[in-house]
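Chain residues, written in single-letter form:
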Amino acid sequence: MAADWLGSLVSINCGVTLGVYQGEVSSVDQVSQTISLRQPFHNGIKCPVPEVTFSAMDIKELKILEIRNGGSQVGVADAGPASSGQYGRNGRGGPSGGPVSSAPVAVPRKGELRSLEGLTSPQQCSKSYGERHPEAQGQAKGFRRRHNSWSSSSRGPSQATPKKNGVKNGGGAMKNKDDECFGDGMDEGLDTDFDFEGNLALFDKAAVFSQIDTSERRGNGARSRGTPGERTPSRYRHDENILEAKPIVYRQITVPQHGGKEYCTDSGLVVPSVSYELHKRLLSVAERHGLTLERRLEMTGVCASQMALTLLGGPNRLTPKNVHQRPAVALLCGPHVQGAQGISCGRHLANHEVEVILFLPNFVKMLESITNELTLFGKTGGKQVSSVKDLPDTPVDLVINCLDCHENAFLRDQPWYRAAADWANQNRAPVLSIDPPVSGQEQAVEAKWSLSLGLPLPLAESAGRVYLCDVGVPRQVFQEVGVKYHSPFGCKFVIPLHSA
């Protein structure tokens, strides 16, 4: 009985683990309950070994694809490459695709087919491979159903293969062959629309994202060395720093005596004000260590000129293409150190192609620092006047006020001072005050900006917006006068201060 099935083409389903095999039955051992296939295909791919033996306990399902018994061949169903050209064109021929036999094909009687119904049911074999093997849907694409003449849509399950006799038949016969080869029921899968909502409902989004989060936590745990509470997240915002940093201390400058007012920088650092006595002592200690008055004047002039150039328009105004609109600056200076700082600023502005008009009243005796700065300023080609009448009648681009002095408040009573202050207030040009003093009286010239040196003084609201410049005082000099200092300037030499 077992020998009757030798040579038949069968499909053996061994479950999800082993997969589906197809091939020609080479031997059947009833004692050991094994079956061997010759030239087997595993999941649609030809096996590298010529023969494979299966045990009955591994076989989940066995289907006969083609019965070869005593020269008769009956095609039962199509299930992959075994019947689509691997074992003969259109289901005919030998296992290796040999010559096609022209002998008549014997068709089993109904009784014989009924006796084989348990193994080769026509209704079961006529189904598509996906319906007969639902567990193999995720396997290789090479084992998908091929539409050919063995499909049930083109002829009945028991219809014999028409013989090929080489005689040219009529148009009807050729049409039937074309239908058998190319006209398989392709529309049966296209009639039903794909159920997108149903398939989307099968996707458990919460479970998938939970699995992703779990894998990320495991990855972070393997890389981090701290406790679970100390592990950093694997994703950061654009404003988060990857490197762990110490907490930011915003009050990095402390003074022994509060000056009465506090300022803060753009980055939030607190800069306290100091009294004039502490500020004077700081500059005196710095001068004793080598930061002479000449150095301080030069540093103040550079910082003040940089700020003035920015206020004048910077690169948008001072360009080679704009030589016909050179900015004009009026510089009002008094006979003191603050006046020398203003002259130094005017010299740097004149070197940057700015029209500078310096006002300085005539005195019989002046400070040496002022005399030196006037000598350097005269080499720039700038204009110097000693009377307010010589100042321009038209508005200038900027007025720099250096009329006031920290120690001599009686200068405000001088006629030249009042005349210069009135001219500045009537010129309608914005005013920049350099190193303005602290005074209980109202400022004679209302300033829009004020520039302080080193540490700010508690200026009044009439001083305008306060800026701070770095004059190069070392940190240990601050420590000698009792100031705990950390530079708030960063990459700049002039920074704006805001009232805290």
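Keep in mind it's a predicted model, so treat the numbers as computed, not measured.

Q: Before we move on, could you go through the overall build of the protein and cite the residues and values that matter?
A: For the protein, the helix and strand inventory stands at 13 helices and 18 strands. By residue count, 41% of the 500 residues in the protein fall in the buried class. In the protein, the share of contacts with a sequence separation of at least 24, taken over all contacts with a separation of at least 6, comes to 63%. Of the roughly 28900 Å² of accessible surface on the protein, a fraction of 52% belongs to carbon and sulfur atoms.

Q: I'd love a proper account of the sheet that holds strand β14 (residues 431–434), names of residues and values included.
A: Strand order in this open sheet of eight strands is β12-β11-β10-β13-β14-β15-β16-β17, and the pairing throughout is mixed. The two strands at the open ends of the sheet, each matched to only one other strand, are β12 (383–385) and β17 (494–496). Direction aside, neighbouring strands of the sheet carry axes that sit 20° apart on average. Across three bridges, the pairing between strand β11 (residues 355–359) and β12 is parallel. Within β12, the position partnered with I357 by the bridge is K383. Where helix α12 (residues 415–426) meets the sheet, its contacts fall on β10 (328–333), β11 and β13 (398–402), and the angle it forms with β10 comes to roughly 155°.

Q: Any details on the packing of aromatic side chains? Residues and values, ideally.
A: What the rule picks out here adds up to five aromatic pairs. For the ring pair F363 and W416, a centre distance of 6.1 Å and an interplane angle of 90° mean the geometry is edge-to-face. On the criterion of sequence distance, the pair formed by F363 in the loop between β11 and α11 (368–378) and W416 in helix α12 is long-range, its members being 53 residues apart. Taking relative accessible area as the criterion, F363 reaches 34% and is therefore assigned partly exposed. You can call W416 buried: its relative accessible area is 14%. Counting every residue linked through ring pairs, the aromatic cluster contains F363, W416 and Y417.

Q: Describe the sheet that holds strand β9 (residues 270–272), and please don't skip the residues or the numbers.
A: Ordered by their spatial adjacency, three strands build an open sheet running β9-β8-β18, and the pairing between neighbours is antiparallel. What marks the edges here is a single partner per strand, and that holds for β9 and β18 (498–499). Pairing analysis gives two bridges linking strand β8 (residues 262–264) to β18, with the strands arranged antiparallel. Along β18, the bridge assignment pairs C264 with H498.

Q: So what about the pairing of strand β1 (residues 9–13)? Which residues, and what values?
A: Burial of β1 is extensive: five of the five residues sit out of reach of the surface. The alternating pattern of β1 places L9, S11 and N13 on one face and V10 and I12 on the opposite face, and all of these are buried. When β1 meets strand β2 (residues 20–29), the two strands line up antiparallel, connected through five bridges. Its bridge partner lying in β2, N13 is registered against V20.

Q: Before we move on, could you go through the nonpolar core and cite the residues and values that matter?
A: Counting residues in each nonpolar core, the largest one holds 60 residues, and the members touching the most others are I343, L349, L398, I400, L455, V473 and V483. Sort the elements by how many residues they give to this core and helix α9 (residues 293–311) lands first, with seven residues. Residue contacts for V473: discarding those within four places in its chain leaves L282, A286, L291 and F478. Among the nonpolar cores identified, the runner-up in size contains 23 residues, and V385, V396, L411 and V445 belong to it.

Q: Could you give an account of the environment of H498, with specific residues and numbers?
A: Among the secondary structure elements, H498 is positioned in strand β18. Through-space distance from the C-alpha of H498 to that of E262 is 8.5 Å; in sequence the pair is 236 residues apart. When neighbours within four sequence positions are excluded, H498 is seen to be in contact with E262, Y263, C264, T265, D266 and R465. Polar side-chain contacts of H498 include one of 2.5 Å to the side chain of D266.

Q: Could you give me a rundown of the pairing of β2, with the residues and numbers involved?
A: Counted residue by residue, β2 has seven buried out of ten residues, so it is predominantly covered. Two elements, β2 and strand β3 (residues 34–42), share seven bridges in a ladder whose sense is antiparallel. Following the sheet pairing, Y21 is matched in β3 by H42. In this antiparallel pair of consecutive strands, β2 and β3, the connection spans four residues, and Q33 shows a positive phi of 55°.

Q: Explain α11 to me, and be specific about the residues and the numbers.
A: Of all the positions in α11, only S369, I370, E373, L374 and F377 are classed as buried. Angular distribution of buried residues about the axis of α11 spans 130°; they occupy a single face of the element. In α11, the exposed residues that point more than 90 degrees away from the buried face are E368 and G378. Taken together, the buried residues of α11 touch α9, α10 (337–351), β11 and β12.

Q: Before we move on, can you summarise the pattern of salt bridges with the specific residues and values?
A: Tallied over the full model, the rule gives eleven salt bridges. Across the salt bridge formed by E262 and R251, the nearest N and O atoms sit 2.7 Å from each other. Placement of the pair is E262 in strand β8 and R251 in the loop between α7 (205–223) and β8, with a sequence separation of eleven residues. When its relative accessible area of 44% is taken as the criterion, R251 is described as partly exposed. E353 is the salt-bridge partner of R326, the closest N and O atoms lying 3.9 Å from each other. Here R326 is found in the loop between α9 and β10, whereas its partner E353 is found in the loop between α10 and β11, with 27 residues between them in sequence. Each member of the salt-bridge network shares a partner with another, and the members are E298, R347 and E373.

The rules behind these values
Residues numbered from 1 in each chain as written. Predicted model: local features only at pLDDT ≥ 70, side-chain atom pairs only at ≥ 80, totals over all residues. Heavy atoms only, no water. Helix = DSSP H or I, 4+ residues; strand = E, 2+ residues; numbered from the N terminus. Buried < 20%, exposed > 50% of the residue type's maximum accessible area, 1.4 Å probe, protein only. Contact = heavy atoms within 4.5 Å. Areas by Shrake-Rupley, 256 points an atom, 1.4 Å probe, with all protein chains shown as cover. Pairing = 2+ DSSP bridges. Axes fitted to C-alpha atoms, helices over the stretch in contact; angles between N-to-C directions. Phe/Tyr/Trp six-rings, centres within 6.5 Å; stacked < 30°, edge-to-face > 60°. Core = buried A, V, L, I, M, F, W, Y, C linked by side-chain atoms within 4.5 Å. Polar contact = N/O pair within 3.5 Å; in protein donor to acceptor, adjacent residues only side chain to side chain. Arc of directions from axis to C-beta. Salt bridge = Lys/Arg side-chain N within 4 Å of Asp/Glu carboxyl O.

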